[in-house]
Amino acid sequence: MRHTKKTLLAFVIVLFIISCSSWAQKDYKLWLQYDKITNSKIRSEYTTSITGIVGLGNSETSKIAVKELELGLNSMLEKKLEVKSKLEGQNTLVVGAQSALNPELQKVVASDITQINEEGFVIKSVTVNNAKHIVITGKNDVGVLYGVYSFLRRIQTNKSIKNLEITESPKINLRILNHWDNLDRTIERGYAGFSLWNWQKLPDFIDQRYIDYARANASIGINGTVLTNVNANALILTPQYLEKVEALANVFRPYGIKVYLTARFSAPVEIGGLKTADPKDTAVANWWKDKAKKIYKIIPDFGGFLVKANSEGQPGPQNYGRNHVDGANMLADAVAPFGGVIMWRAFVYSEHDANDRAKQAYAEFQPYDGKFRDNVIVQVKNGAIDFQPREPFHPLFGAMQKTPIMMEFQITQEYLGFSTHLVYLPQLFKEVLDSDTYQKGKGSTVAKVVDGSLYNAKFTGIAGVSNIGNDLNWTGHPFAQANWYGFGRLAWNPYLDSETIADEWLKCTFSNDENFIKPVKEMMIKSRETVVNYMTPLGLHHIMDTGHHYGPGPWVANLSRPEWNPVYYHKADKNGIGFDRSKTGTNATSQYTPEIEKLFDNVATCPEKDLLWFHHVSWDYKLKNGQTLWNGLSLKYQEGVDQVKEMQNIWNKTEKYVDGERFKEVQMLLEIQYKEAKWWRDACLLYFQQYSGKELPAGVEKPTQTLEYFQSLKFPFAPGN
Ligand code: GCV
């Protein structure tokens, strides 16, 4: 009897462990869950239309494409599909680049192929020799791989695969993740553990994570990765590290992903033994040429360098009396013979410049338009300050007609609650991409600058500062995976709708059940405005606690550089609050085209969401809803808190659609978010109240702590700092 009880207990424990580990895997598997199709009608459409796979092509990339189809389809259809290397039978899925197809198939897809670019794909239902098939093809194997992921996504989202006639190409050339990963594996502004790159074990130990990382990126079309922090360490350019980089490049190559590195401008001095890093010095230029040659010898498809120069203490050409053009062009010449690019960042501001920080990048870079080499692209953050919950678009977008400009978004949530807050960032990304610059009249959106269509750019790019670390779920918060996914999808096509992306992601990651999708999608869509409401409503910005940027710190005023202090940004006083960037203030509005300048400059037409970004207004200023500014601001903070409560209510009803582990994780994280939203509301309102001198309006909860209490909080070990 006792024996049976013991066996039963052991059995229950084993079952528990198995189910726990499969939950854990769900977190790890991202949007590539490949769950069984439960809708019988749609499932039968799939099983009749796909009876086998025909894999044409011998490259590693082709093999990966076929393997992924097998993995995905066998799992979703619960059926083992036969893989053949020759076209026969019917209702097969034929996969291969155009050149690998047989002549009949080549003929059928010939006109579709003319509509795609080098990375594009065609998915087409065809009939050859009286037999029906679905062909996934492209000009190159990587296009086929993208086509495979797109096809699998159709199945994951339960879309029909009848009469397919799809041609798709990425609209942007460089679709890149920027890892701010240090060589000691800490990550600047990383909230999901340590760096994936295990430099100590490389090059000999290839972690399965590297392969899974490449696979996840390829599935959303990302084609480049900058492995190292922009606050760069020159050691990465030494032979000892380059062989490790080579090992990673070898893993990523078949997935269509190129490796890039950050170049520390002073590297010729630090590791090259030279006395100077002056870009006009021949020995320096030669040192970089030689370095590039050595890199390309071992990594022939090396992408190039990303450079942060003369910004926040990083060395650069200005240390030698030269300018950004001198620096960028010198590096561009070094990589040009090998087809490399230089991504030169425009994130610059100086403590020696008394100008409004928001104006400095434009002032410094715009005059250089047309002066960079052909293989230089200037990388510009989405807004003129620094990845705030909301910023108006950067005035440099569209302002340099003769210079390729690439977008830099931040996927990691430095200023948006780290990986603890659920914030769906494609809403933010889209708001920027859809903004109209008016540079060539109405409709000159930022997206058109970024995809190059506005000025016929020579090449185009978009970068996302990665939110990936070695946490089991990659991104710290299960919903932060949606931000990685969404960035990739928008990099592929900046015109995609963020709601469509949320829908896809939810279906691929959790469930196709509409009872789950509808409320949770709505929760995601609203989550960005929610965080703006409880952190920085009505155009407030950069009032996070300084250094680590965790939690509110509007009172901070003691840092050496004025623009590092939140008081610099909100300028609250007895008369009101906000930064006057109109012509009565710093005149930052003049950096926009006249249409936008006029809109932002006039307090009456300035969108209320940007009000305190551009104007200092009185506490009694009347908002459009009739509220005074003080009341309106207070109510916005309260609204943000209420919205998080609503997110909790929505999530609590999803238990039956989600595995236990992820359900619980999100539930706990939302509880933290709720607590922190209240912290933000109370701390900010108590602080600003000292200046407004007004009571909190009805409907705003009374703070439970004093301002002194909030000001006393310290976080010496906040992550990512
Ligand atoms: C990598 C902000 C961040 C820094 C970051 C910098 C940049 O200032 O706080 O951590 O440095 O932006 O983008 O270079």
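Source: prediction; values computed, not measured.

Novice: Let's hear about the pattern of salt bridges: which residues, and what values?
Specialist: Here the structure, examined in full by the defined rule, presents 37 salt bridges. Asp301 is the salt-bridge partner of Arg253, the closest N and O atoms lying 2.8 Å from each other. Of this pair, Arg253 sits in the loop between helix H7 (239–252) and strand E9 (258–262) while Asp301 is found in the loop between helix H9 (282–298) and strand E10 (304–307), placing the two residues 48 residues apart along the sequence. The exposure class assigned to Arg253 is partly exposed, which follows from its relative accessible area of 31%. Owing to a relative accessible area of 22%, Asp301 belongs among the partly exposed residues under this scheme.

Novice: Can you explain the site of the ligand? Please cite residues and give values.
Specialist: As a structural note, the neighbourhood of the ligand is formed by 15 residues, with Glu188, Lys308, Arg345, Lys381 and Glu414 the closest of them. Within the side chain of Asn231, a nitrogen or oxygen atom sits 3.3 Å from an oxygen atom of the ligand. Against a free-state accessible area of 340 Å², the protein chains account for coverage of 96% of the ligand. Of the residues belonging to the shell around the ligand, the class tally is four nonpolar, three polar and eight charged.

Novice: Requested: an account of the confidence of the model for the chain, with residues and values cited.
Specialist: A residue-level look at the chain finds 97% of positions with pLDDT of 70 or above and a mean pLDDT of 96. Per-residue pLDDT stays below 50 along residues 14–20; that stretch engages in one contact with residues further than four places along the chain or on separate chains.

Novice: Residues and numbers for the UniProt feature "active site" (unreviewed entry) in the chain, please.
Specialist: Residues given the UniProt feature "active site" (unreviewed entry) here are Glu312, Asp386 and Glu414. Beyond its immediate chain neighbours, meaning those up to four positions away, Asp386 contacts Phe347, Arg357, Lys381, Glu391, Glu414 and Tyr415. At 2.6 Å, the side chain of Asp386 forms a polar contact with the side chain of Lys381. Tracing the backbone through its elements, the reader meets Glu414 in the loop between strand E13 (405–410) and helix H12 (426–433).

Novice: How would you sum up the sheet that holds strand E7 (residues 174–178)? Please name residues and give values.
Specialist: Strand order in this closed barrel of eight strands is E7-E8-E9-E10-E11-E12-E13-E14, and the pairing throughout is parallel. Averaged over all adjacent pairs, the angle separating strand axes in this sheet is 25°, with direction ignored.

Novice: How would you sum up the UniProt feature "domain: Glycosyl hydrolase family 67 C-terminal" (unreviewed entry) in the chain? Please name residues and give values.
Specialist: UniProt's feature table lists "domain: Glycosyl hydrolase family 67 C-terminal" (unreviewed entry) at residues 475–700, given in the numbering used throughout. Along residues 475–700 the backbone is 53% helical and 2% strand, and the end-to-end C-alpha distance reaches 34 Å.

Novice: Now, about the sheet that holds strand E6 (residues 165–168): what can you tell me, with residues and values included?
Specialist: Strand order in this open sheet of six strands is E2-E1-E3-E5-E4-E6, and the pairing throughout is mixed. The sheet is open, and its two borders are formed by strand E2 (82–84) and E6, each paired with just one other strand. Averaged over all pairs of adjacent strands, the angle between strand axes in this sheet comes to 25°, irrespective of strand direction. In the sheet, strand E4 (residues 121–128) pairs with E6 via four bridges, with the strands oriented antiparallel. Each bridged residue has a counterpart across the sheet, and for Phe121 the counterpart in E6 is Glu168.

Novice: Explain the side chain of Arg189 to me, and be specific about the residues and the numbers.
Specialist: Within the element layout of this structure, Arg189 appears in the loop between E7 and helix H6 (208–219). Classification of Arg189 by relative accessible area gives buried; the value is 11%. Aside from chain neighbours lying at most four places away, what touches Arg189 is Trp180, Gln410, Thr412, Glu414, Gly547, His548, His549, Gly720 and Asn721.

Novice: With reference to specific residues and values, describe the packing of H9 against helix H10 (residues 324–335).
Specialist: Here H9 crosses H10 at 40°, and the two axes come no closer than 8 Å. Taken together, the axes of H9 and H10 are oblique relative to one another. As for how H9 packs across H10, the hand of that crossing is right-handed. Listed contacts from H10 to Val284, Ala285, Trp288, Lys289, Ala292 and Tyr296 of H9 are Met330, Leu331, Asp333, Ala334 and Val335. Classifying every residue of the contact of H9 with H10 gives nine nonpolar, no polar and two charged.

Novice: Quick rundown of the environment of Asp212? Include the residues and the values.
Specialist: For Asp212, the location among the structural elements is in helix H6. When the C-alpha atoms of Asp212 and Tyr28 are compared, they prove to be 9.4 Å apart, with 184 residues separating the residues in sequence. With sequence-adjacent residues up to four places away left out, Asp212 is seen in contact with Tyr28 and Trp474. Separated by 2.6 Å, the side chains of Asp212 and Tyr28 make a polar contact.

Novice: Could you give an account of the packing of helix H3 (residues 60–77) against helix H5 (residues 141–156), with specific residues and numbers?
Specialist: Contact geometry for H3 and H5: axes closest at 9 Å, N-to-C directions at 10°. By the angle between their directions, the pair H3 and H5 is classed as roughly parallel. Note on element contacts: H5 touches H3 through Asp141, Val142, Leu145, Val148, Tyr149, Phe151, Leu152, Ile155 and Gln156, opposite Thr61, Ser62, Ile64, Ala65, Glu68, Leu69, Gly72, Leu73 and Met76. Among the residues forming the contact of H3 with H5, the class breakdown is 12 nonpolar, four polar and two charged.

Novice: Please set out the packing of aromatic side chains residue by residue, giving values where relevant.
Specialist: Geometry of an aromatic ring pair is reported as the spacing of the ring centres plus the angle between the planes. Taken as a whole and assessed by the stated rule, the structure comprises 47 aromatic pairs. Between Trp197 and Tyr213, the aromatic rings sit 5.2 Å apart at their centres with planes inclined by 85°, giving edge-to-face as the arrangement. With a gap of 16 residues between them, Trp197 in the loop between E7 and H6 and Tyr213 in helix H6 connect regions that are remote in the sequence. For the pair shown, Trp197 and Tyr213 are each scored as buried. Taking the centre distance of 5.5 Å and the plane angle of 75° together, the rings of Tyr296 and Phe302 count as edge-to-face. With relative accessibility at 2%, the residue Phe302 sits in the buried group. Three or more aromatic residues joined by ring pairs make a cluster, and in this case those are Tyr28, Trp31, Trp197, Tyr210, Tyr213, Phe252, Trp474, Trp484 and Tyr485.

Novice: Before we move on, can you summarise the domain arrangement of the chain with the specific residues and values?
Specialist: What the domain assignment lists for the chain is domain 1 (40–168), domain 2 (174–509) and domain 3 (533–579 + 616–712). Each of domain 2 and domain 3 has a C-alpha centre, and these two points are 31 Å apart. Counting from both sides, the interface comprises 26 residues of domain 2 and, opposite them, 26 residues of domain 3. Taken together, both faces of the contact between domain 2 and domain 3 bury some 2,200 Å²; the carbon and sulfur share is 59%. A per-residue breakdown of the area domain 2 buries against domain 3 is headed by Tyr415, Thr420 and His421, which together make up 23% of the total. On the surface where domain 2 and domain 3 come into contact, there are zero salt bridges. Across the domain 2-domain 3 interface, the total number found is 12 residue pairs in polar contact (both at pLDDT 80 or more). The residue inventory of the side of domain 2 that touches domain 3, partitioned by class, reads nine nonpolar, 11 polar and six charged.

Novice: Lay out the pairing of strand E11 (residues 341–345) in plain terms, naming residues and giving numbers.
Specialist: For E11, a buried count of five out of five residues is recorded, marking the element as mostly surrounded by other parts of the structure. Of the pairings in the sheet, the one linking E10 to E11 comprises four bridges and is parallel in character. Across the sheet, the residue bridging to Phe305 is Ile342, located in E11. You can see the chain leave E10, run along H10 and come back into E11, and the turn it takes is right-handed. Two elements, E11 and strand E12 (residues 376–381), share four bridges in a ladder whose sense is parallel. Each residue of the ladder has a partner; that of Arg345, found in E12, is Gln379. Crossover handedness for the path E11 to helix H11 (residues 357–365) to E12: right-handed.

Parameters at a glance
Residues numbered from 1 in each chain as written. Predicted model: local features only at pLDDT ≥ 70, side-chain atom pairs only at ≥ 80, totals over all residues. Heavy atoms only, no water. Salt bridge = Lys/Arg side-chain N within 4 Å of Asp/Glu carboxyl O. Helix = DSSP H or I, 4+ residues; strand = E, 2+ residues; numbered from the N terminus. Buried < 20%, exposed > 50% of the residue type's maximum accessible area, 1.4 Å probe, protein only. Near = heavy atom within 4 Å. Polar contact = N/O pair within 3.5 Å; in protein donor to acceptor, adjacent residues only side chain to side chain. Areas by Shrake-Rupley, 256 points an atom, 1.4 Å probe, with all protein chains shown as cover. Nonpolar A, V, L, I, M, F, W, Y, C, P; charged D, E, K, R; others polar. pLDDT = per-residue confidence, 0-100. Contact = heavy atoms within 4.5 Å. UniProt positions renumbered as here; feature names shortened; annotations may be inferred. Pairing = 2+ DSSP bridges. Axes fitted to C-alpha atoms, helices over the stretch in contact; angles between N-to-C directions. Parallel < 35°, antiparallel > 145°, perpendicular 65-115°, else oblique. Left-handed = near helix turned anticlockwise from the far one by under 90°. Phe/Tyr/Trp six-rings, centres within 6.5 Å; stacked < 30°, edge-to-face > 60°. Domains from an automatic or database assignment. Buried area = accessible area lost by both parts, 1.4 Å probe. Right-handed = clockwise from strand over helix to strand, strands pointing away.

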